[in-house]
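# Inside the fold
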Amino acid sequence: MSASLFFDMQRFSTHDGEGIRTVLFLKGCPLSCVWCQNPESRSRNVDLMYDAATCIAGCTLCQDCCSAITRHGPADLLIDHQQIDEFDIKNLKTCCPAKALRVTGEPVDIHTVCEQLKRDQPFYKTSGGGVTFSGGEPLIHPNAVYAIAQKMQEENIDVAIETTLHVSWRKIEKNIPVINQWLVDLKHMDDNKFKRWTGGTLSLVKNNLIKLAAQVKGLTIRVPVVPDFNDTIEELALITDFAATISSCKAIHFLPYHTLGIQKYKMLGLRYQGKDKSLDNPGLLQKACAYAEHHPLKPLQTSVRG
């Protein structure tokens, strides 16, 4: 099994748990959601991203470093991602002066990561914030999450996690003692549609959610609202009805689909299969929020991450 990798650390976030937070994005996800806006999060391995807009015309440094790269035009490269090995990745990390080539994925060194997460401790304390694990699916790295979260708890830093719960129960259970806030994706109530659009098994998510809810407080359901997938009031109502049966669930967040991550697919040499326009249906979101308030669940509209 490959080592745990992270691909980003986002400071001063205000949409990933209470207060001001630093979000650690871990690499790898068991799902393959059609609309995913963080495609660099899917693989557990290192990825190479290429931004043609910043490529220096005529430069051959990357070609000299890696035989899987050839120039297709003055400022355009052809990259055979399947032929790139660990030796190439090591060389490509520093070869591009324009940063047109970017290696995505850094090993998680527990001590180093914890020191970085602690930098904004004064902001956590004044805002009621803390650290949030995200991804990908952070719980495919249960040992890394536990080790970092335990260190944060020792510093009295609040810990949240954004999770699909599409993992084995033992990985979830291991981390219950060190997580303060659980932000859980609940994407649909139809098994077949969930399978077609995410590649996952809905029953695994629901069963884990029921078990988790019996052991934690402050659980929040998050619903990515995606065109043609779950963008009807009937589908959102079914999700809300299920969320209302979870005793420890006090809030539900509706996250409208956006297209900010589409360019990343091109940078990774992948084809994007989702919609090319963001969700533009404020009336739907208002109805969904109003429906949730009748349960009652505290509703919120915010932006969808992936």
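A brief look at the structure comes next. (Residues numbered from 1 in each chain as written. Predicted model: local features only at pLDDT ≥ 70, side-chain atom pairs only at ≥ 80, totals over all residues. Heavy atoms only, no water.)

Moving on to the side chain of K27. Along the chain, K27 falls in the loop between β2 (21-26) and β3 (47-50). For K27, a relative accessible area of 0% translates into the label buried. At 2.9 Å, the side chain of K27 and the backbone oxygen of E40 are in polar contact. A distance of 2.7 Å separates the side chain of K27 from the backbone oxygen of N45, its partner in a polar contact. (Helix = DSSP H or I, 4+ residues; strand = E, 2+ residues; numbered from the N terminus. Buried < 20%, exposed > 50% of the residue type's maximum accessible area, 1.4 Å probe, protein only. Polar contact = N/O pair within 3.5 Å; in protein donor to acceptor, adjacent residues only side chain to side chain.)

Another aspect to go through is helix α3 (residues 110-117). Residues V113, C114 and L117 constitute the buried set of α3. Along the axis of α3, the buried positions cluster into a sector of 100°, meaning they face one direction only. Buried residues belonging to α3 abut β1 (5-13), β2, α4 (121-127), β8 (130-134) and α5 (142-154). (Arc of directions from axis to C-beta. Contact = heavy atoms within 4.5 Å.)

With that settled, the discussion passes to the pattern of salt bridges. All told, the structure shown has 10 salt bridges when counted by the stated rule. Among the ionic pairs, K264 bridges to E40, the shortest N-O distance being 3.0 Å. Of this pair, K264 sits in helix α10 (residues 262-268) while E40 sits in the loop between β2 and β3, placing them 224 residues apart in sequence. With a relative accessible area of 22%, K264 lands in the partly exposed category. On the basis of relative accessible area, E40 is assigned to the buried category, the value being 6%. In this structure, K193 engages E235 in a salt bridge whose closest nitrogen and oxygen atoms are separated by 3.0 Å. Here K193, found in helix α7 (residues 191-198), pairs with E235, found in helix α9 (residues 233-244); they are 42 residues apart in sequence, far enough to count as distant. K193 gets classed as buried once you look at its relative accessible area, which sits at 16%. Beyond isolated ion pairs, a larger network of salt bridges with shared partners links E115, K118 and E155. (Salt bridge = Lys/Arg side-chain N within 4 Å of Asp/Glu carboxyl O.)

With that out of the way, let us pick up unusual backbone geometry. A cis amide bond links G135 to the next residue, G136, at an omega of 10°. Along the chain, G136 falls in the loop between β8 and α5. For the peptide bond that leads from H295 to P296, omega is -5°, which places it in the cis range. Among the secondary structure elements, P296 is positioned in the loop between α11 (282-293) and β13 (298-301). Positive phi, normally seen in glycine, also occurs at L165, with a value near 60°. Mapping L165 onto the fold places it in the loop between β9 (158-163) and α6 (169-175). Judged by its relative accessible area of 0%, L165 is buried.

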